[in-house]
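Overview (structure and organization)
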Amino acid sequence: MTKQGSLTTLHDWLINEDFTSTRQARLHKIYVAWLSLLANPLAFTGFLVVLFLIIVAILAPAITSYDPYAQDLSNALQPLSWHHWFGTDEFGRDVYTRLVFGARTTLYISILVTIIVAPIGFVIGATAGYLGGWIDVILMRITDIFLSFPSLVLALAFSASLGPGIENAVIAIALTVWPPIARLARAETLTFRNADFVIAAELQGAGMIRILVRHIVPLCAPSVVVRLTLNMSSIILTAAGLGFLGLGAQPPMPEWGAMAASGRQYLLDAWWLTTIPGIAILTVSLAFNLLGDGLRDILDPRNG
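Computed from a prediction, not measured in an experiment: that's the story for all the values here.

1. Notes on the nonpolar core
Core analysis: the largest hydrophobic core is formed by 32 residues, its most contacted members being Leu53, Leu99, Ala103, Trp256, Trp272, Val284 and Phe288. Listing elements by their share of this core, those giving two or more residues are α2 (41–58), α3 (95–131), α8 (208–244), α9 (256–262) and α10 (272–299). No other element matches α10, which puts 10 residues into this core. Residues in contact with Trp256, not counting those within four places in the same chain, are Leu53, Leu99, Gly102, Ala103, Thr106, Pro277, Ala280, Ile281 and Val284. If you look at the next biggest cluster of nonpolar residues, it comprises 31 residues, including Ile109, Trp178, Ile181 and Ala185.

2. Quick notes on helix α5 (residues 151–162)
Between its first and last C-alpha atoms α5 spans 16 Å; for 12 residues at 1.5 Å apiece the expected length is 16 Å, and the two agree. Along α5, the residues classified as buried are Leu154, Ala155 and Ser159. An end-on view of α5 places all buried positions within 135° of arc, on one side of the element. Among the exposed residues of α5, those pointing more than 90 degrees away from its buried face are Ala160 and Ser161. If you follow the buried residues of α5, they end up packed against α4 (133–147), α6 (166–192) and α8. Downstream of α5 by one or two residues, Gly163 has phi in the positive range, about 105°.

3. Details of the side chain of Thr88
With respect to the element layout, Thr88 can be found in the loop between α2 and α3. The class for Thr88 is buried, based on a relative accessible area of 0%. A distance of 2.7 Å separates the side chain of Thr88 from the backbone nitrogen of Gln78, its partner in a polar contact. Contacts of Thr88, omitting those with residues within four sequence positions, involve Asn75, Ala76, Leu77, Gln78, Arg93, Asp94, Val95, Trp272 and Leu273.

4. Notes on the side chain of Asp89
For Asp89, the position within the fold is in the loop between α2 and α3. Looking at Asp89, its side chain comes within polar contact range of the main-chain nitrogen of Arg93, at 2.8 Å. Beyond its immediate stretch of four places on either side in the chain, Asp89 contacts Ala76, Leu77, Val95, Arg98 and Leu273.

5. Focus: the environment of Thr45
Secondary-structure assignment places Thr45 in helix α2. What makes Thr45 partly exposed here is its relative accessible area of 42%. A C-alpha to C-alpha distance of 9.9 Å links Thr45 and Phe288, two positions 243 residues apart in sequence.

6. Some thoughts on the packing of aromatic side chains
For the coordinates displayed, the defined rule picks out five aromatic pairs. The interplanar angle of 80° and the centroid separation of 5.9 Å between the aromatic rings of Trp271 and Trp272 together place this pair among those described as edge-to-face. Given the relative accessible area of 42%, Trp271 is considered partly exposed. Residue Trp272 is classed as buried on the basis of its relative accessible area of 4%. One aromatic cluster is present, formed by Trp85, Phe86 and Tyr96 through successive ring pairs. Positioned above the aromatic ring of Tyr130 is the side chain of Arg193, whose terminal nitrogen or guanidinium carbon lies 4.2 Å from the ring centre.

Rules of the game
Residues numbered from 1 in each chain as written. Predicted model: local features only at pLDDT ≥ 70, side-chain atom pairs only at ≥ 80, totals over all residues. Heavy atoms only, no water. Core = buried A, V, L, I, M, F, W, Y, C linked by side-chain atoms within 4.5 Å. Buried < 20%, exposed > 50% of the residue type's maximum accessible area, 1.4 Å probe, protein only. Helix = DSSP H or I, 4+ residues; strand = E, 2+ residues; numbered from the N terminus. Contact = heavy atoms within 4.5 Å. Expected span 1.5 Å × (residues − 1). Arc of directions from axis to C-beta. Polar contact = N/O pair within 3.5 Å; in protein donor to acceptor, adjacent residues only side chain to side chain. Phe/Tyr/Trp six-rings, centres within 6.5 Å; stacked < 30°, edge-to-face > 60°. Lys NZ or Arg CZ within 6 Å of the ring centre and 35° of its normal.

Note that every value here comes from positions in space, so none of it alone points to a role or purpose.
Here it is in structure tokens:
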């Protein structure tokens, strides 16, 4: 074997070793995080509830026997039974089936809002923290204006102007959820703005976008992920509130807030119409809060 061939082989071996070490380090971090989650009973309970919600939403057609939209007026307002575990509504539709399919609507809204607000909040907050000066002042004052209104009231205002519908509800909720993400991203960026590795990258000619993507984002990601997880509960409650007021998902789409609203006039005679969707909203919101608190303890580097 020639000297050049030996050097090439050695170079490839070093690259493979470095890749293997990096992968092992990541797997070790994941394993440690999993052990930390198991050590926190409340966070693990929240994780199980969220996982159960995802599984139910995916397997909704397989774990239900009725059509969530099919009406049977002769079977309306039936109490809990073996045939209808959670009873039927005023149109004879199986409440259990609509609750299961409503999990899809809830996850759809929550995930879509998160996908929208995560980049918007981070870009605004990181830009303000990195550039500073008048740009920081303008962006943060805009953020303060949004934060000065209660999120539900602001979502109601946007929904009323955009019109009822699940897509408009997603936009309205996203417009009220991004300010805390921006505030957090700005605070995290200010922490690392004058760090040695950022200054070294600037001296090497790296631009703002490269520095934010390669250096700031990985360091801010844990805090932003925790904040997004905690936001899930407020997103679910806001979506349920909009549905309750008729500004979210429109009938006959199964949605927990709309289901609770439709059962108000039958509350004394058919308590399950409002109570069961309300319990589902409470349980899922609490689960996301517990999971977010656990992730905050796991991902906080000061706890390592």
